[in-house]
Amino acid sequence: MQVIQKLTVVSNPTRIFEVGTEMNGREIIEIKQVGDENISEFWVLDENEKLIVSIENCPVIVEWQEVAED
C-alpha cells in the first residue's frame, strides 16, 4: 500500500507539507487525496484527524511511501 509522505505545492512561495512535521503547533499525521475527476484536492490532517489545510486545483508534487500491510 502507498501513502502520501510529502506534498509540495508549486506556487510562489513553494509550500511543503510532510507527515511528521509541525504546522502552527499541530503535527501532520496524514495527507489524503480527495475529490473526483473534476477536482484535485488534498487534505492535510493533524493528530486528531482534524483538517489543517485543504489544497485544491494547484500544481503539486506528491511523494509516496510504500508501507507494509498485515
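Structure's up top.
Read on for an overview of the structure. (Residues numbered from 1 in each chain as written. Predicted model: local features only at pLDDT ≥ 70, side-chain atom pairs only at ≥ 80, totals over all residues. Heavy atoms only, no water.)

**A word on the nonpolar core**
Item 1. The biggest cluster of nonpolar side chains holds 12 residues, and these are Ile-4, Leu-7, Val-9, Phe-17, Met-23, Ile-28, Ile-31, Phe-42, Val-44, Ile-52, Val-53 and Ile-55.
Item 2. Those elements that place two or more of their residues in this core are strand S1 (2-9), strand S4 (26-35), strand S5 (40-46) and strand S6 (51-56).
Item 3. Excluding residues that lie within four positions of it along the chain, Val-9 makes contacts with Thr-14, Arg-15, Phe-17, Ile-55, Cys-58, Pro-59 and Val-60. (Core = buried A, V, L, I, M, F, W, Y, C linked by side-chain atoms within 4.5 Å. Buried < 20%, exposed > 50% of the residue type's maximum accessible area, 1.4 Å probe, protein only. Helix = DSSP H or I, 4+ residues; strand = E, 2+ residues; numbered from the N terminus. Contact = heavy atoms within 4.5 Å.)

**Brief notes about the side chain of Thr-8**
Item 1. Along the chain, Thr-8 turns up in strand S1.
Item 2. With near-sequence residues (within four places) excluded, Thr-8 lies in contact with Thr-14, Arg-15, Ile-16, Pro-59, Val-60 and Ile-61.

**Considering the sheet that holds strand S2 (residues 15-18)**
Item 1. Here we have three strands laid out as an open sheet, ordered S2-S1-S7, and antiparallel in their pairing. Looking along the sheet, the strands with just one partner apiece sit at the ends: S2 and strand S7 (60-66). Strand-to-strand twist across the sheet, computed as the mean angle between neighbouring axes with direction ignored, equals 20°.
Item 2. Here four bridges tie S1 to S2, and the two strands are oriented antiparallel to one another. Residue pairing across strands places Lys-6 opposite Glu-18, the latter belonging to S2. (Pairing = 2+ DSSP bridges. Axes fitted to C-alpha atoms, helices over the stretch in contact; angles between N-to-C directions.)

No statement about biological role is implied by the geometric values presented.
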